Amino acid sequence: MKRHKGMTWLALFFAFALVLAACSSGETGGEEGGGTEESNGQETEGSESTESSGSVEIFSWWTGAGEEAGLLALIDLFQEQHPEIEVVNAAVAGGAGTNAKAVLASRMQADDPPGTFQVHGGSELNDGWVAADKMEPLNDLFEAEGWMDKFPQDLIDLVSKDGNIYSVPVNIHRGNVIFYNTKVFEENGLEPPTTFDEFFAVAEELKKAGVTPLSLGDKEPWTATQILENVALGVLGPDKYNQLWSGELKFDSPEFREAVDIFNKMLTYINEDHAARNWQDAAQLVADGEAGMNIMGDWAKGYFTTDLELTANEDFGWIETPETDGEFMVITDTFGLPKNVENPDAVKQFLSFLGSVEAQDTFNPLKGSIPARIDADPSKYDEYGQETMEDFKDSVLTPSLAHGSAAPEGFLTQANQAVNVFVTQGDVDQLIQSLEDAASAHNMR
Ligand code: BGC
């Protein structure tokens, strides 16, 4: 009963958020202006050979703390190299694209695509925009730029469908990280936990010391989904984790049930005001020493170092989420060329730039991510970045559900709603049933 009330309320909330987001998009500059008309489908021959004037509208959700600095640095550098191209920064606020994805969907629907937009490699790109026939293939661009051996094959696969490449990865974020406050850990004689048992032992100690063990900000529900997916990876291991999305393993399996039980127990250690906080506010609790640990993607590292000016391994430490050592929850932000944009050549210039070593090494140290290219310069990255670059090479990669790579967007929306209800109600059966229903509804079974 409660569930239906919750879901109705949530549905209304999301509908409202969508309307709000759509309004705010109007303000953030959905207008492309002053560009010259370029012919569609013309081949790009690299950033030096083809100069295109016009404008590029860059659509993302990188606004505000921990998100914006990297994008602005990228835009500045692009403008230096291409003063003839106007850049329109059409970012729509909201972590993990909470609002941006809805705004994008209505624009794509109305045949008003941005010049280029942030999209995660994996299902979000391939089962979403590519399957809907909304994207141009970029094989020629990859060939012309000599990129085929500059990006890891696994990453190229994440942005490809049926032999065609559809977007340019600008970064790689890691999703299975615990960030912890080093001072709080030291003062309490604690070691970062590697297993679930250790996690709960550390959480108990932190609680005794009057520190919130685990900070959560699930004002936007994806943050809780991200914890659940990491617990699922730890319990199931990569193969079975992947089977959740391919349909070979049901949510109603003893293994996944065990993951939900562990997730449920973790939720007994979170801050009371979790529903009022966003991801930055939750990370801030760790930065301030009010909480011991935060489970987050490493955009939190960007927030710590770029915005709060903390130092990796001094002010904060990190470790993989329990029992995921050797596994890497991969989240790649990519940009493609939508069909029917006003200035395709200017967009291609931007994409050529985005895939360059210089652009990647400008953006990623600020953003907290590692470069998508294999030939980037490790000396540009701090200890966290260098270690993560090494880990990436040696790890098993798994796609993130919370960030759109593992399963279709419609499933993710329903999963976020179900997890959000679960955080307050703690009904294991109900969560499992909701996930299973959503999987059937989205042809994952
Ligand atoms: C994106 C990151 C972003 C994070 C928080 C993720 O989905 O991939 O680039 O920092 O959301 O907004």
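Residues numbered from 1 in each chain as written. Predicted model: local features only at pLDDT ≥ 70, side-chain atom pairs only at ≥ 80, totals over all residues. Heavy atoms only, no water.

Q: Can you walk me through helix H12 (residues 299-307) in this structure?
A: The periodicity of an α-helix, 3.6 residues per turn, causes residues three or four positions apart to be oriented the same way. Buried residues dominate H12, accounting for 7 of its 9 residues. Listed as buried for H12 are Trp299, Ala300, Lys301, Gly302, Tyr303, Phe304 and Thr305. Looking one or two residues beyond H12, the residue adopting positive phi is Glu309, at roughly 55°. (Buried < 20%, exposed > 50% of the residue type's maximum accessible area, 1.4 Å probe, protein only. Helix = DSSP H or I, 4+ residues; strand = E, 2+ residues; numbered from the N terminus.)

Q: Teacher, can you tell me more about the sheet that holds strand S8 (residues 177-181) here?
A: To summarise the sheet geometry, strands pair through backbone hydrogen bonds and adopt either a parallel or an antiparallel arrangement. Spatially, the 4 strands line up as an open sheet ordered S9-S10-S8-S11, and their pairing is mixed. The strands lining the two open edges of the sheet, one partner per strand, are strand S9 (212-215) and strand S11 (316-320). For this sheet the average axis-to-axis angle between neighbouring strands, irrespective of direction, equals 25°. Bridge analysis of S8 against strand S10 (residues 291-296) gives 4 bridges, and the strand direction is antiparallel. Its bridge partner being in S10, Phe179 is matched across the sheet by Asn294. Helix-sheet contacts for helix H11 (residues 279-287) involve S8, S9 and S10, and the interaxial angle to S10 is about 145°. (Pairing = 2+ DSSP bridges. Axes fitted to C-alpha atoms, helices over the stretch in contact; angles between N-to-C directions. Contact = heavy atoms within 4.5 Å.)

Q: What's the story with the environment of Val357 in this structure? I'm lost.
A: Relative to the assigned elements, Val357 resides in helix H14 (residues 357-367). For the pair formed by Val357 and Asp377, sequence separation is 20 residues and the distance between their alpha carbons is 8.0 Å. In this structure Val357 touches Arg373, Asp375 and Ala376, once residues within four positions along its chain are discounted.

Q: I keep staring at the site of the ligand and nothing clicks. Help me out?
A: Close to the ligand lie 14 residues; Glu67, His120, Asp333, Lys367 and His403 are nearest. In the model, an oxygen atom of the ligand is placed 3.3 Å from a nitrogen or oxygen of the Trp61 side chain. Within the contact set of the ligand, an oxygen atom lies 2.8 Å away from a side-chain nitrogen or oxygen of His120. Looking at the shell around the ligand residue by residue, the class counts come to 6 nonpolar, 5 polar and 3 charged. (Near = heavy atom within 4 Å. Polar contact = N/O pair within 3.5 Å; in protein donor to acceptor, adjacent residues only side chain to side chain. Nonpolar A, V, L, I, M, F, W, Y, C, P; charged D, E, K, R; others polar.)

Q: Please clarify how the sheet that holds strand S13 (residues 333-336) should be interpreted in this entry.
A: With respect to topology, 5 strands assemble into an open sheet ordered S2-S1-S3-S13-S6, the strand pairing being mixed. Each having just a single partner strand, strand S2 (85-89) and strand S6 (167-169) make up the two edges of the open sheet. Taken over all neighbouring pairs, the strand axes of this sheet differ in orientation by 30° on average, direction set aside. Direction of pairing for strand S1 (residues 54-59) relative to S2: parallel, over a ladder of 5 bridges.

Q: Would you mind showing me how to read helix H3 (residues 100-109) here?
A: Taken together, the buried positions of H3 are Ala100, Lys101, Val103, Leu104, Arg107 and Met108. Each buried residue of H3 sits inside an arc of 160° when the element is viewed along its axis, so together they form one side. After H3 finishes, the residue Asp111 shows a positive phi value of roughly 60°. (Arc of directions from axis to C-beta.)

Q: What is the right way to look at the pattern of salt bridges in this model?
A: Where charged atoms from two side chains of opposite charge come close, those side chains can pair. Across all of its chains, the model carries 20 salt bridges by this definition. Here Glu255 and Lys240 are joined by a salt bridge, their closest N and O atoms 2.5 Å apart. Residue Glu255 is found in helix H10 (residues 254-266), and its partner Lys240 is found in helix H9 (residues 222-246); the two are separated by 15 residues along the sequence. Of the residues examined, Lys240 reaches a relative accessible area of 32% and is grouped as partly exposed. Arg257 is the partner of Asp429 in a salt bridge, and the nearest nitrogen-oxygen pair spans 2.8 Å. With Asp429 in helix H17 (residues 428-441) and Arg257 in helix H10, the pair connects residues that are 172 residues apart, well separated along the chain. The class for Asp429 is partly exposed, based on a relative accessible area of 46%. By relative accessible area, Arg257 is classed as partly exposed at 27%. When salt bridges that share partners are traced, they join Glu57, Arg107 and Asp112 into one network. (Salt bridge = Lys/Arg side-chain N within 4 Å of Asp/Glu carboxyl O.)

Q: I keep staring at a negative patch on the surface and nothing clicks. Help me out?
A: Together, Glu191, Asp197, Glu198, Glu258, Asp261 and Glu323 make up a region of like negative charge exposed at the surface. For Glu323, the location among the structural elements is in the loop between S11 and strand S12 (327-331). (Patch = residues over 30% accessible without salt bridge, like charges linked within 9 Å, V, L, I, M, F, W, Y side chains within 5 Å. Areas by Shrake-Rupley, 256 points an atom, 1.4 Å probe, with all protein chains shown as cover. Lys, Arg positive; Asp, Glu negative; His and termini not counted. Charge placed at Lys NZ, Arg CZ, Asp CG, Glu CD.)

Q: Help me understand the packing of H10 against H17 in this model?
A: Packed helices, taken two at a time, are described by the angle between their axes plus the distance between the axes. Across the interface, H10 lies against H17 with an axial gap of 10 Å and an inter-helix angle of 130°. Put simply, H10 runs oblique to H17. In this structure, the crossing between H10 and H17 has a hand that is right-handed. Between H10 and H17, the contacting residues are Phe256, Arg257, Val260, Asp261 and Asn264 on the first element and Val428, Asp429, Leu431, Ile432 and Leu435 on the second. Across the contact of H10 with H17, the residue classes break down as 6 nonpolar, 1 polar and 3 charged. (Parallel < 35°, antiparallel > 145°, perpendicular 65-115°, else oblique. Left-handed = near helix turned anticlockwise from the far one by under 90°.)

Q: Is there a simple way to explain the side chain of Lys367 in this structure?
A: Tracing the chain through its elements places Lys367 in helix H14. In terms of polar contacts, Lys367 uses its side chain to reach the side chain of His173, at 2.9 Å. When sequence neighbours within four positions are dropped, the list of residues in contact with Lys367 reads Trp62, Gly66, Glu67, Asn171, His173, Asp298, Trp299, Gly302 and Asp333.

The analysis is restricted to geometry; functional conclusions fall outside its scope.
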